[in-house]
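Observations on the model geometry
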Amino acid sequence: MRFALLSAWLLVFSAESFATAEQPRLFQLEIVDSETGRGVPLVQLTTTHHQMLVTDSAGKVAIRDPEMMGQEIHFQIKSHGYEFPADGFGYRGKTVRIEPGGKAKIEIDRINIAERLYRVTGAGIYSDSVALGHTPPLVKPLNNALITGCDSVLMAPYRGKLYWFWGDTSRWKYPLGNFQVTGATSELPESGGLNPDQGIDFTYFQNEEGFVKSMAEMPGDGPTWAWGLISLTDDDGQEHLIAGYEKVRGLETHRRGLIRFDDDQQAFTLVKELDKDIPLYLQGHPLRHTNGDIDYFYFGDPYPVMRVEAKVEAILDPARYQGFTCLKPGNRRSQAEVDRDAEGNVVWGWKQDTAAIDSKLQDELFKQGKLKPEESWIQLTDIESGDQVTAHRGSVAWNEYRQRWILITTQIGGRSMLGEVWYAEAEAPEGPWKSARRIVTHDDYSFYNPKQHPQFAPQDGKLLYFEGTYTHTFSGNPVPTPKYDYNQMMYRLNLEDPRLRVVRN
């Protein structure tokens, strides 16, 4: 009995001693952009014993390892689109003496034209900053709605706020998360929201467990993916939030339809199912534009080569959609015949119930001898090399400063699979899009589905903000970046940069 009491006393004493003992002081290592002085997120610091540390969204790393304290530690420094100078042996890194409570700042040169700002989604966005005692800009800098990863963003203003929706979403509790669309709201910067340079405070739609709720549970097997988010007000002053959706198995679509946000249910409800092979349907990131005296929503992926009149009844009726194309009216991809006039010239134009042009269709027409390369509409090329740039996904928005439509898109292939981001301009949303400038590169890593945020553009659009999904998926790289992988990253592009002035179409 005495032995049991003594053991219990020792356990209590040990726990109290641990709780009251002085916590070890951490060492702060900060990596900053040599041009702006801003902390750089996603910088990898690797020691000689292959421990990898990654800077948080403030560019900080909290070093807590007791074996490093009092030692001179060499860190190899690597970051997508940034570069640290090499020494005589070719090593790109720096030796730092690590002391409890100490700090060091290292500058890194930016190669990218666009500047990486912060991670938008996931857990531990500012974990190192918090551990070091700093106050991050986010209300919830560590955990928000138990999310660890989010795929592909959609966003539109609705009822005085910004409404955000993502695809497949991972969580702490189990490898499988939410596959039926995740949603959140945030305040506009002019209405109390954060400056987009600092971050975005999300209020997620959550279930009773505190994890995100399913926002679009549609009939059929597999995940629900939403695309083509449109916000508009009808003639009675009622606001609507409408999107297209698809049900997928693997990467194949087996059901398709239209959904509308229900304010009472705080979720999307089914409006109608569509033929999965319908030629024109909501997709990508829509933009609004008046052509002549008709107000349209344009959309596509990435080129806005589909459109519909900006009326609720038109959006809900795919028969009223138009595709920009060279095909004969009524043609599908499977029966594609080029529309030519009496002189044999290609008739490009907006046509109802007809497949719209895209890179894949255009290439098929080339191979079949139905279209000549000099007759092509999609001609995106690298302004430096003249090489063709095959666009994957992206978004187009009007820019007041440039007085042009701006395309931000990723490339299929190139230096890294889906990891290269390009900038181009055109005088019409449908193009033609010609010269392009690479603005971001990711080494053996993907960054897909980039979305511009014109709602964030200050100074008449001189600064352009865009985000995309950062993931090792499709890249061939088997090693995911801790915390960052399968999450959204925000970039900022200064349109006054002289390297962008030559991009004119």
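Read on for a plain summary of the structure.

Rules behind the numbers
Residues numbered from 1 in each chain as written. Predicted model: local features only at pLDDT ≥ 70, side-chain atom pairs only at ≥ 80, totals over all residues. Heavy atoms only, no water. Helix = DSSP H or I, 4+ residues; strand = E, 2+ residues; numbered from the N terminus. Buried < 20%, exposed > 50% of the residue type's maximum accessible area, 1.4 Å probe, protein only. Contact = heavy atoms within 4.5 Å. 1 Å grid on protein atoms, 1.4 Å probe; cavity = no way out; pocket = protein on both sides within 12 Å on 5 of 7 lines; lining within 4 Å. Points joined across faces, edges and corners; volume = space filled by probe spheres on them. Nonpolar A, V, L, I, M, F, W, Y, C, P; charged D, E, K, R; others polar.

Looking along the chain, the bond that leaves Asp-301 and enters Pro-302 is cis, with omega of 5 degrees. Here Pro-302 shows up in the loop between β21 (294-299) and β22 (306-309). Of note, the amide linkage connecting Gly-431 to Pro-432 takes the cis form, showing an omega dihedral of 10 degrees. Looking at the element boundaries, Pro-432 is found in the loop between β28 (421-426) and β29 (435-440). With phi around 65 degrees, Leu-42 is a residue other than glycine that occupies positive phi space. With respect to the helices, strands and loops of the structure, Leu-42 is situated in the loop between β1 (27-33) and β2 (44-46). Exposure remark for Leu-42: the relative accessible area of 0% places this residue in the buried category. In this model, Ser-152 sits at a positive phi of 55 degrees, which is unusual for a non-glycine residue. If you trace the backbone, Ser-152 turns up in the loop between β10 (147-150) and β11 (153-158).

On to the environment of Thr-233. Within the secondary structure layout, Thr-233 lies in strand β16 (residues 224-233). On the basis of relative accessibility, which here comes to 43%, the residue Thr-233 falls in the partly exposed class. Placed 79 residues apart in sequence, Thr-233 and Val-312 show a C-alpha to C-alpha distance of 8.1 Å. Apart from residues no more than four positions distant in its own chain, Thr-233 is found in contact with Gln-238 and Glu-239.

Size it by volume and the largest pocket reaches roughly 1,700 Å³. Around the largest pocket sit 48 residues that line it, and Glu-246, Tyr-281, Gln-283, Asp-301 and Arg-393 are the ones nearest its centre. For the lining of the largest pocket, the elements supplying multiple residues, two or more each, are β11, β12 (161-166), β16, β18 (252-262), α4 (359-367), β26 (391-399) and β30 (446-452). Residues of the lining of the largest pocket, tallied by class, amount to 24 nonpolar, 10 polar and 14 charged. Computed from the structure, the second largest pocket encloses a volume of approximately 610 Å³.

That's the geometry; what it means functionally is another story.
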